[in-house]
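# Understanding the architecture of this molecule
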Amino acid sequence: ELKDEKEMFIGAYCAPQPTDEQYKWVAESGITHMFVGGGDYLTNWGYGYDDEEYYSLPFDYAAKYGVKCVMHVKDTSYKVMGELLEEVKARENFEGFLVYDEPPATQYGRLASDYKRYKVEVPNQPYYVNLLPTYSQKEQLGKKKTGEYYTYEEYLEEYKNKVLKKYDANYRVLMCDHYPLKEGGITNDWLYNLELLRTAADEVNGEVYLFLQSQGFLGEWRQPYSVAEMTFQMYVNMAYGARGLAHYPYQTPESSDEKRNPASIL
């Protein structure tokens, strides 16, 4: 509950199959925003951007239960919606695009150009880019023109200067996923990552939105064992001023490579 009475962004990645029952459960869980579509959605269900299951049905069911939708296009541009863009914009429960998940710094110039067009065609809506965490491999962060790899600090600074500070001041959101629950402990640079994000956002009067680790994946990140491990993540993120939180994931995505059955935490 926020003192200024604004609704907190509680999102979820990897939307469920679009049925009335599924979106009823989404709303009952307290989720306010569903990331509709994206890579895992296309992989799991085989839908294309122009299929009703990708776009219209999720929006319809989400609207019925008061859930807002963020269109997730797979690491490309909002333009991939083609002729559907005008219809998407007209939806009352449409709240922006997640355009790129974990980009290398070499994509920042293209994203800045894409956003320049976006703010003309889709005014008054956020343009989300979800950044890599501190434990990323150097190859993920990208190479400079000199041939050297970006450090994480340089990666974040480049994003702040080339993309984030150009956002509409009302939607200047720095989004990142740092998943702390590892087999055998917690990542040792979690708080350092949050400090860097908070500082970067403050320098351009922005907000921070963070993902929560809601399942195990890739054999290294473990399943949360209890509700307390979820609230622990929430409280730590909020201590660093996060104004939005999002579950990774809502539904187990194909890309998680998680072989174990998820443990119930309820």
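As the structure is a prediction and not an experimental result, all values here were calculated from the model.

What follows covers the packing of helix α8 (residues 190-203) against helix α9 (residues 227-239). At a minimum axis separation of 10 Å, α8 and α9 run at an interaxial angle of 40°. Relative to α9, α8 is oriented oblique. Contacts between α8 and α9 pair Trp190, Leu191 and Leu194 from the former with Phe232, Gln233, Val236 and Asn237 from the latter. Considered class by class, the residues forming the contact of α8 with α9 number five nonpolar, two polar and no charged.

A word on the pairing of strand β9 (residues 207-213). Of all seven residues that make up β9, six are buried, and the element is covered over most of its length. Here strand β6 (residues 173-176) runs beside β9; their pairing, made up of four bridges, is parallel. Within β9, the residue paired with Met175 across the bridge is Tyr209. You can see the chain leave β9, run along α9 and come back into strand β10 (residues 242-248), and the turn it takes is right-handed.

To continue, consider the confidence of the model for the chain. Averaged over the chain, the pLDDT score is 90; the fraction of residues at 70 or greater is 90%. Contacts from residues 259-266, a stretch scored under 50 in pLDDT, to residues over four places away or in other chains number 12 contacts.

Here we come to the sheet that holds strand β5 (residues 127-131). Neighbouring strands of a sheet are bound in pairs by backbone hydrogen bonds; such pairs are parallel or else antiparallel. Read once around its circumference, the closed barrel built from eight strands follows the order β1-β2-β3-β4-β5-β6-β9-β10, with strand pairing classed as parallel. Pairwise comparison of adjacent strand axes, ignoring direction, gives a mean angle of 30° for this sheet. Strands in contact with helix α3 (residues 56-64) are β2 (33-37), β3 (68-72) and β4 (94-101); relative to β3, the strand with the most contacts, it is inclined by about 155°. Contacting β6, β9 and β10, α8 runs over the sheet at an angle of about 155° to β9.

Thresholds, definitions, all that
Within each chain, residue numbers correspond to sequence positions counted from 1 in written order. It should be noted that, the model being predicted, local features are given only for residues of pLDDT at least 70 and side-chain atom pairs only at 80 or more, the latter also being counted only at that level, while totals for whole chains, interfaces and linings use all residues. Water and hydrogen atoms play no part in the side-chain values, which are based on all heavy atoms of the structure. Throughout, an axis means a line fitted to C-alpha atoms (over the contacting stretch in the case of helices), and angles, computed between N-to-C directions, take values from 0 to 180 degrees. In this description a helix means any DSSP run of H or I spanning at least four residues, a strand means any run of E spanning at least two, and both kinds are numbered starting from the N terminus. Between 65 and 115 degrees an angle is taken as roughly perpendicular, under 35 as roughly parallel, over 145 as roughly antiparallel, and anywhere else as oblique. Residue contacts are defined here by distance: any two heavy atoms, one from each residue, within 4.5 Å place the two residues in contact. Amino acids outside the nonpolar list (Ala, Val, Leu, Ile, Met, Phe, Trp, Tyr, Cys, Pro) and the charged list (Asp, Glu, Lys, Arg) are all regarded as polar, and Gly is one of them. We call a residue buried when its accessible area falls under 20% of the maximum for its residue type, exposed when it is over 50%, and partly exposed in between, using a 1.4 Å probe and counting protein chains only. When DSSP finds two or more bridges between a pair of strands, those strands are recorded as paired. Crossovers are marked right-handed if the path from the first strand over the helix to the second runs clockwise, as seen with the strands pointing away from the viewer. Along the chain, pLDDT gives the predictor's confidence residue by residue, from 0 to 100.

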